[in-house]
Amino acid sequence: MRLRNITGSRELIADSPFCISNPETYRGRWHELFQNNHPLYIEIGMGKGQFLMEHARRNPEINYIGIEKYSSVLLRAVEKMETEELPNLRFIRFDAEYITNIFDQGEIDRIYLNFSDPWPKDRHAKRRLTSRQFLARYREILNAGKIIEFKTDNRPLFDFSLEEVKESDYTLLAFTYDLHHDEELCQGNIMTEYEEKFSSLGNPIHKMMVTPNA
Ligand code: SAM
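Summary of the structure given here. Since the structure is predicted, the reported quantities are computational estimates derived from the model, not experimental observations. The residue numbers shown here count from 1 along each chain, following its written sequence. Reporting of local features is limited, given that this is a predicted model, to residues whose pLDDT is at least 70; pairs of side-chain atoms are given and counted only at 80 or more, and all residues count toward the totals for whole chains, interfaces and linings. By convention in this description, side-chain values take in all heavy atoms of the structure and omit both hydrogens and water.

Let's talk about the environment of Gly 45
Helix and strand definitions here come from DSSP, where helices need a minimum of 4 consecutive H or I residues and strands a minimum of 2 consecutive E residues; each element is numbered from the N-terminal end. If you trace the backbone, Gly 45 turns up in the loop between strand E1 (40-44) and helix H3 (50-58). C-alpha of Gly 45 to C-alpha of Asp 15: the two residues are 30 residues apart in sequence and 21 Å apart in space. Residues in contact with Gly 45, not counting those within four places in the same chain, are Ile 67, Glu 68 and Asn 114. Two residues qualify as a contact provided that any one of their heavy atoms is within 4.5 Å of a heavy atom in the partner residue.

Brief notes about the packing of aromatic side chains
When the centres of two rings from Phe, Tyr and Trp lie within 6.5 Å, Trp using its six-membered ring, the rings pair. Their planes under 30 degrees apart give stacked, over 60 give edge-to-face, and anything left gives tilted. One pass over the structure, following the stated rule, counts 10 aromatic pairs. On the numbers, 5.5 Å between centres and 40 degrees between planes, the contact of Trp 30 with Phe 103 is tilted. Within this pair, whereas Trp 30 is found in helix H2 (residues 30-34), its partner Phe 103 is found in the loop between strand E3 (89-93) and strand E4 (108-114), the two being separated by 73 residues in sequence. Assigned by exposure class, Trp 30 and Phe 103 land together as buried. Between Tyr 41 and Tyr 64 the ring centres are 5.7 Å apart and the planes differ by 85 degrees, which places this aromatic pair in the edge-to-face class. On the criterion of sequence distance, the pair formed by Tyr 41 in strand E1 and Tyr 64 in strand E2 (residues 63-68) is long-range, its members being 23 residues apart. Residue Tyr 41 shares its accessibility class with Tyr 64, and that shared class is buried. Aromatic rings pair up to connect Tyr 41, Phe 51, Tyr 64 and Tyr 112 into one cluster. To sit over a ring, a charge needs its Lys NZ or Arg CZ within 6 Å of the ring centre and within 35 degrees of the ring normal. Directly above the aromatic system of Trp 119 lies the positively charged group of Arg 127, at a separation of 4.7 Å from the ring centroid. Between Lys 197 and the ring centre of Tyr 194, over which it is positioned, the NZ or CZ distance is 5.3 Å. In this scheme, a residue with accessible area under 20% of its type's maximum is buried, one over 50% is exposed, and one in between is partly exposed, where area comes from a 1.4 Å probe on protein chains only.

The structure is reproduced here in structure tokens:
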């Protein structure tokens, strides 16, 4: 998702109490920021934040961090938090390629990847957030027995991701090519902005859940 470059968005993000501008300093001690020991769930490539805000509303006993690369996109989430502050949700403007710099081993209890950029050219495969390179990074920060959830309407990206899971140190727990017609996997489903947009066009939504091997 690329919004037009909004003048001053970087500065507004830096000044926002909802955005953590020095995330490296919290590595290994995110519970101090939230002042509790609740589990920590993150969404990588959060976009405008609809999905994570609804999660945070429904689950006050879980802490959430939304990670987004572009300040012009993140600004939309910040504006929503200004009208409804959720104490268990914070944002970081950050490139997930360096995610192990901001979270310590086993610090994360769940990772959400929603409608990640497909990077269709083969030579860009390792930029995909479900590539084996990213899966290896997530393995370092994900607590034992915990889960990555991935949703997309992009079939080539989904098939690529299934293959990458096979090649990585993970177990596929569940998957569907049509989430909205899968009674079990759709239970409690919270729609993202992209999910609303593409499912309204009739695109089936694919979902997988994976866990790192012990
Ligand atoms: N998850 C949202 C949804 O489902 O509505 C947004 C999907 S949008 C297609 C993908 C988002 O991921 C974009 O906002 C993009 O800037 C962000 N993104 C892509 N690569 C990223 C990276 N390496 N680190 C952080 N965010 C990234």
